[in-house]
Amino acid sequence: MPLALAVALVGGMWIGKTLFNNHHGWNSRTKLDTILELIDKNYVDEVDTDSILEASFSGLMSHLDPHSVYIPASDLQSVNEELEGSFSGIGISFNMLGDTINVLEVISGGPSEKVGILPGDRIITIDDSIVAGQSWANAKVMKHLRGPKGTTVKLGIKRPTAKELLPYEVTRDDIPVTSIDAAYMMDNGIGYVKINKFGATTYSEFLTSMVTLMADGADKFIIDLRGNGGGFMDHAVLMANEFLPAGSPIVSIKGKNSSRDNATFSDGSGSFKDSEVIVLLDEISASASEIFAGAMQDNDRGLIVGRRSFGKGLVQNQLELPDSSALRLTIARYYTPSGRCIQKTYAPGVDYERELLNRYEHGELYSADSIKQDKSMEYTTLHGRTVYGGGGITPDIFVANDTTGITSYYINVVNAGLIQKYTFAYTDRERERLSESTDGRSLLALLPDDDTLLQDFVSYAQKNGIAPRWYYINISRDLLVNSLKAMIARNIHGVQGYYEVINDSDPTVISALEALDAGKTVFPITK
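Novice: Tell me about the packing of helix H7 (residues 202–215) against helix H8 (residues 233–241), residues and numbers included.
Specialist: Contact geometry for H7 and H8: axes closest at 9 Å, N-to-C directions at 25 degrees. Looking at the two axes, H7 sits roughly parallel to H8. Where H7 crosses over H8, the handedness of that crossing is right-handed. Residues Thr 202, Tyr 203 and Phe 206 of H7 touch H8, and the partners they reach there are His 235, Leu 238 and Met 239. The class makeup of the residues in the contact of H7 with H8 is four nonpolar, two polar and no charged.

Novice: Go over the nonpolar core, please, and point to the residues and values.
Specialist: Membership of the largest hydrophobic core comes to 45 residues, with the highest contact counts inside it found for Tyr 192, Ile 222, Ile 278, Tyr 409, Val 413, Phe 457 and Leu 480. Here the element with the most residues in this core is helix H16 (residues 477–502); it accounts for twelve residues. Leave out the neighbours within four places in its chain, and Phe 457 touches Tyr 409, Val 413, Leu 418, Ile 419, Tyr 422, Leu 480 and Leu 484. Ranked by size, the runner-up nonpolar core spans 37 residues in total, among them Ala 236, Met 239, Ile 253 and Met 296.

Novice: Pulling in residues and values, what's your account of helix H12 (residues 418–434)?
Specialist: Along its 17 residues, H12 runs just 21 Å from first to last C-alpha, ending more than 12% under the 24 Å computed at 1.5 Å per residue. All buried positions along H12 are accounted for by Leu 418, Ile 419, Tyr 422, Thr 423, Phe 424, Tyr 426, Thr 427, Asp 428, Arg 431 and Leu 434.

Novice: So what's going on with unusual backbone geometry? Residues and values would help.
Specialist: Residues other than glycine seldom take positive phi values, yet Asp 300 does so here, at roughly 50 degrees. For Asp 300, the location among the structural elements is in the loop between helix H9 (288–298) and strand S16 (303–306). Given the relative accessible area of 5%, Asp 300 is considered buried. Here Ser 324, not a glycine, exhibits a phi torsion of approximately 75 degrees, which is positive. Following the sequence through the fold, Ser 324 ends up in the loop between strand S17 (314–320) and strand S18 (326–335). A relative accessible area of 36% means that Ser 324 is categorised as partly exposed.

Novice: Before we move on, could you go through the pairing of strand S11 (residues 190–195) and cite the residues and values that matter?
Specialist: Counting buried residues along S11, six of its six residues qualify, which places the element largely inside the surrounding structure. Side-chain alternation along S11 places Ile 190, Tyr 192 and Lys 194 on one buried face and Gly 191, Val 193 and Ile 195 on a second face that is also buried. As paired elements, strand S10 (residues 180–185) and S11 share five bridges and run antiparallel to each other. Looking at the pairing, Ala 182 lines up with Lys 194 of S11.

Reading the values: rules and limits
Residues numbered from 1 in each chain as written. Predicted model: local features only at pLDDT ≥ 70, side-chain atom pairs only at ≥ 80, totals over all residues. Heavy atoms only, no water. Axes fitted to C-alpha atoms, helices over the stretch in contact; angles between N-to-C directions. Helix = DSSP H or I, 4+ residues; strand = E, 2+ residues; numbered from the N terminus. Parallel < 35°, antiparallel > 145°, perpendicular 65-115°, else oblique. Left-handed = near helix turned anticlockwise from the far one by under 90°. Contact = heavy atoms within 4.5 Å. Nonpolar A, V, L, I, M, F, W, Y, C, P; charged D, E, K, R; others polar. Core = buried A, V, L, I, M, F, W, Y, C linked by side-chain atoms within 4.5 Å. Buried < 20%, exposed > 50% of the residue type's maximum accessible area, 1.4 Å probe, protein only. Expected span 1.5 Å × (residues − 1). Pairing = 2+ DSSP bridges.

Right, dumping it as structure tokens:
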């Protein structure tokens, strides 16, 4: 044993001496090559050095900023599909309830609709393999349902009206990735548009929706960007251009490479320059959402309603590598028309991922007075209103996160998935009758009165293990009833049906409607 130890130590000293004697031209890159070579030649076990490097790339990028990332080749396609115009699949949206794939929506004209799959169907088997009860994650389900155009997938469908499992063979085809969840007329000439992302088709979808709403009589608009984490910056710029007079600043970007620096101004060609507009934001609204909202706020063109946005003021460029992996690299910062960068702090020692939780703990989601502003980053809008950089866009009208009606009973039924399960079961029973409605609002007339609907749900919940506690049920009454109605509307009329119903009780939407009715979007604003 002493002899073996001595040999090992002598070997170690010899290696060290060799490296020392060849230190000329030594730098971090040659150091990396040397370490990998030493591992390859001397490590006790066989090692795939390529896999070691692959695992290290994400850590390397994490030392830059929170939004620069390495995308492995295996993930690049699915990452890009979130923003590109289409992918190949079967054309459904789904969720997992009780370890079962529940079809929420069947895309009109898509492969699933063509073979007869319906909303409310449950997918029990995929290519003869049982998937129900297997605890599949959403990503695994999508991997099996998506695939190359023209390939087929066999599905076993459970439907309440059929005793046996229904076999379907679906040929995958191009499925559009849409950005607009809802676009419909509200009251008093107000059009509502819900945008879920800024993707490759966002601007064209937005313009089509807006023109349609204007033709239906809309002259005021609510643009809902809550939960929209951003995407392609140029689509936010094009949207802003639709509302601004010629020569208005929209956004500027500045980076280390000055050749990338530029400022964008409106060209005056917009179709909605005279329309009143309100933008809805929350703490998830980021990036392109903040560019659009910043252009509206800093030009005093529209009101921002909701809660302080995420605070992402960095611009990324995706650079694909020869092995089909990619770097999404931050190349610049963007600045709103007043000159502010709204990027929140990501300095060493700052827990960037915990920042939203900190807002919650500090009470910011419930009180405007709890918003922390950096007074050193004070800027002025076109008409002299004070705005701040360094941490998102603060709304002109704050609306607290609504916790009204949230009780232990409500939490229990939500955690058990009973609202979704009940509304699926109810829709299955009443689908033929409910399908006579034309939209979410007209569907409401076909539902039972609120007390009857609530009692039916409470009985259903009791049969599924949640005992009725009427003290808490009465507190949660409106929240429960509105959620049930909206989910039934979604099962019949898709995502738009859901928003047509739920918005009637949404405090942020109600606040925006009140501001439009009161003429608060006409600037300059006097505080």
